Amino acid sequence: MLLIVNAGSSSLKLKVFDGAEEVAKASVERIAAGGHRVALEQGLAEAGVPVTRLHAAAHRVVHGGAGLTATCRITPAVLAGIEACVPLAPLHNPANLVGIQAVAELAPNLPQYACFDTAFHATNPKVATDYALPCEERQRGLRRYGFHGTSYAALVRILSARGALPERLLACHLGNGASLCAIVNGRSVATTMGYSPLDGLTMGTRSGAIDGNAVLRLAELHGVARAGEILNRESGLLALGGSNDLRALHRAGTTEAAFALEHFAYWAVRHAGSMVAAMGGLDAVVFTGGIGENDHWVRGNILRGLRFMGVEVDEPANRQNASELHDTASRVAIWIVPADEERQIALEAQVVIAGEGA
Ligand code: ADP
């Protein structure tokens, strides 16, 4: 059985797969620093899976940088590569490394694999990833990478299996973190997140796209660390509407909450325009993530904003969170596909494992 680990700084999410089948899961929250090994044992006990039943573990790793662009076995060199990406993802990669360490302590001989959120976007052309910065700065790795790659890869897998993968797909991963991806024939050509998961859409607590000079001003006023906290943890829907939960914003009924929702949908439409331009047109839109799968108000507003591209939403289907949302008059297909990131990690790791045995 294969253990999938999604380690955050204070949480650990586990799923256990037997082939493509999910057989158990567990989630441990509020883990203290240094407590991941105990949390892992606790999680496996909760899942009812003894460590001796596992034949491998695969981790979600947020940042693979320019070098780690495919799911792979975690060797000392790969571990060093993940460590080298810590400055690129200071909130995420250290937690992922702690998760890898916890598994190594609990089961020293268990082969471990890493699947990178950035990897799916390795196919973006250089013109899409490079910032117009001096050469020296670009050589430091200051470029766009993009995230949510495992989620987008899962969408491509699921639509392909249905024989429904279109040439030009606008994929919308709308959760607490939110991004869009332009996918041409199953490959990412552009995405809204950049150097870090801060860029692009208005998010739960992240500002989304913001002028670099405004960032400098925040750093000047508050110092770099505090400015980082403001941008990543205190902005977005929380700052505009008083909550980062869409359900609470809909319930609130305040002008602030209404504005936060409007801001979210408006910027999703603006960025969608950029994604569609990168693809030279649009054949289908797919929604995933907590908001994408559940919030008909947000989907409806985004889709109505894309009417000029031939998008026509079937309103009753949308209100029911149906899997197919296009009206018969729509030139563009519209779907909801539930996020399936852990299975994607499992399948990718299994391909690598099978390759090792060959
Ligand atoms: P993450 O990015 O943390 O993985 P999710 O994809 O689970 O997050 O999305 C979480 C967000 O989805 C919540 O903050 C909430 O705004 C939204 N959400 C979840 N369920 C619903 C619902 N039934 N209706 C509207 N929004 C929802």
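Everything below is about the structure printed above this text.
Residues numbered from 1 in each chain as written. Predicted model: local features only at pLDDT ≥ 70, side-chain atom pairs only at ≥ 80, totals over all residues. Heavy atoms only, no water.

Caption draft 1: Representation of the sheet that holds strand E11 (residues 333–336). Spatial strand order, E9-E8-E7-E10-E11: 5 strands in an open sheet with mixed pairing. The two strands at the open ends of the sheet, each matched to only one other strand, are strand E9 (187–191) and E11. Averaged over all pairs of adjacent strands, the angle between strand axes in this sheet comes to 25°, irrespective of strand direction. Here helix H11 (residues 255–279) sits on the sheet in contact with strand E7 (168–174), strand E8 (178–184) and E9, set at roughly 20° to E8. (Pairing = 2+ DSSP bridges. Helix = DSSP H or I, 4+ residues; strand = E, 2+ residues; numbered from the N terminus. Axes fitted to C-alpha atoms, helices over the stretch in contact; angles between N-to-C directions. Contact = heavy atoms within 4.5 Å.)

Caption draft 2: Representation of the packing of aromatic side chains in the model. Scanning the model with the defined rule gives 2 aromatic pairs in all. Aromatic side chains Tyr 266 and Trp 267 sit 5.2 Å apart centroid to centroid with 80° between the ring planes, which places their arrangement in the edge-to-face category. (Phe/Tyr/Trp six-rings, centres within 6.5 Å; stacked < 30°, edge-to-face > 60°.)

Caption draft 3: Just unusual backbone geometry, in detail. One non-glycine residue, Arg 30, lies in the positive phi region at around 50°. As for its placement among the helices and strands, Arg 30 is situated in the loop between strand E3 (21–28) and helix H1 (36–47). What makes Arg 30 exposed here is its relative accessible area of 78%. (Buried < 20%, exposed > 50% of the residue type's maximum accessible area, 1.4 Å probe, protein only.)

Caption draft 4: Broad picture of the pattern of salt bridges. For the structure shown, the criterion picks out 17 salt bridges. In this structure, the salt-bridge partner of Arg 168 is Asp 283, at a minimum N-O distance of 3.0 Å. You can see Arg 168 sitting in strand E7 and its partner Asp 283 sitting in the loop between H11 and strand E10 (284–288), a full 115 residues away along the chain. Since its relative accessible area comes to 25%, Asp 283 is described here as partly exposed. Glu 234 is the salt-bridge partner of Arg 226, the closest N and O atoms lying 2.9 Å from each other. Judged by its relative accessible area of 32%, Arg 226 falls in the partly exposed class. Residues joined by salt bridges that share partners form a network here, namely Lys 15, Glu 22 and Glu 342. (Salt bridge = Lys/Arg side-chain N within 4 Å of Asp/Glu carboxyl O.)

Caption draft 5: Fine view of the site of the ligand. Neighbouring the ligand are Gly 175, Asn 176, Gly 177, Asn 244, Asp 245, Leu 246, Arg 247, Gly 289, Gly 290, Ile 291, Asn 294 and Asp 295. In this structure, Asn 176 approaches the ligand through a main-chain N or O atom, which is 3.0 Å from an oxygen atom. Note that an oxygen atom of the ligand is positioned 3.4 Å from one of the backbone N or O atoms of Gly 177. In the complex, the protein chains occlude 66% of the 570 Å² of accessible area that the ligand would expose alone. For the shell around the ligand, the secondary-structure elements that each account for two or more residues are helix H10 (246–252) and helix H12 (289–294). Among the elements that take part in the shell around the ligand, H12 stands out by supplying 4 residues, more than any other. Classifying every residue of the shell around the ligand gives 2 nonpolar, 7 polar and 3 charged. (Near = heavy atom within 4 Å. Polar contact = N/O pair within 3.5 Å; in protein donor to acceptor, adjacent residues only side chain to side chain. Areas by Shrake-Rupley, 256 points an atom, 1.4 Å probe, with all protein chains shown as cover. Nonpolar A, V, L, I, M, F, W, Y, C, P; charged D, E, K, R; others polar.)

Caption draft 6: Looking closely at the nonpolar core. Counting 43 residues, the largest nonpolar core has Leu 170, Leu 174, Leu 282, Val 285 and Ile 302 as the members making the most contacts within it. Elements supplying a minimum of two residues to this core: E7, E8, H10, H11, E10, helix H13 (296–305) and E11. Broken down by element, this core gets its largest block of residues, 11 residues, from H11. Beyond its immediate chain neighbours, meaning those up to four positions away, Leu 282 contacts Arg 168, Leu 170, Val 276, Met 309, Val 311 and Val 332. Core analysis: the next-biggest nonpolar cluster, separate from the first, contains 23 residues, Val 5, Leu 14, Ala 26 and Leu 44 among them. (Core = buried A, V, L, I, M, F, W, Y, C linked by side-chain atoms within 4.5 Å.)

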